[in-house]
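The chain contents come next:
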Amino acid sequence: ILKLKGKKAKSGDDKKQLRKQLKEIEIKKSEEIKAIIKDKFDHQISIADIKKAGITTTGKQGDNQLPELGKIFAKYRKQNNLW
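Let me sum up the structure you'll find in this document. None of the values given here were measured: they were computed from a predicted structure. (Residues numbered from 1 in each chain as written. Predicted model: local features only at pLDDT ≥ 70, side-chain atom pairs only at ≥ 80, totals over all residues. Heavy atoms only, no water.)

### Considering helix H2 (residues 66-79)
Look at H2: 20 Å from first C-alpha to last across 14 residues, which is about the 20 Å you get at 1.5 Å a residue. Once H2 ends, the next one or two residues include Asn81, with phi positive near 50 degrees. (Helix = DSSP H or I, 4+ residues; strand = E, 2+ residues; numbered from the N terminus. Expected span 1.5 Å × (residues − 1).)

Shown next, in the form of structure tokens:
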């Protein structure tokens, strides 16, 4: 409607009103999306401090804490219904 030209075009005041309504709809839509995301993804972020990830600075195989972390996180994930 805002892009119509000639006789079919709306007046300047009508276009201003339509732009205002469109902006209000976009703001409301954005707020509703944020609320849905916040509700669906309301959980803590898990962080682990890993010192040994199975490879040394020279590229050789080394100690690895990741398998044990994977087991711990799998248990945590299931207990908290994360995915």
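Still more ground to cover, so stick around.
### A few points about the packing of aromatic side chains
Throughout the structure, instances matching the rule amount to one aromatic pair. Between Phe73 and Tyr76 the ring centres are 6.1 Å apart and the planes differ by 35 degrees, which places this aromatic pair in the tilted class. Residue Phe73 and its partner Tyr76 are located together in helix H2, separated by three residues, close to a single helical turn. The partly exposed category is assigned to Phe73, whose relative accessible area is 27%. (Phe/Tyr/Trp six-rings, centres within 6.5 Å; stacked < 30°, edge-to-face > 60°. Buried < 20%, exposed > 50% of the residue type's maximum accessible area, 1.4 Å probe, protein only.)

### Description of the pattern of salt bridges
Here the structure, examined in full by the defined rule, presents two salt bridges. Across the pair Asp49 and Lys51 runs a salt bridge whose closest N-O atoms are separated by 3.1 Å. Accessibility assignment for this pair places Asp49 and Lys51 in one class, exposed. A salt bridge links Lys52 to Asp63; the shortest N-O distance between them is 3.5 Å. Note that Lys52 is positioned in the loop between helix H1 (12-40) and strand E1 (53-55) and Asp63 in strand E2 (residues 61-64), a separation of 11 residues in sequence. On the basis of relative accessibility, which here comes to 53%, the residue Asp63 falls in the exposed class. (Salt bridge = Lys/Arg side-chain N within 4 Å of Asp/Glu carboxyl O.)

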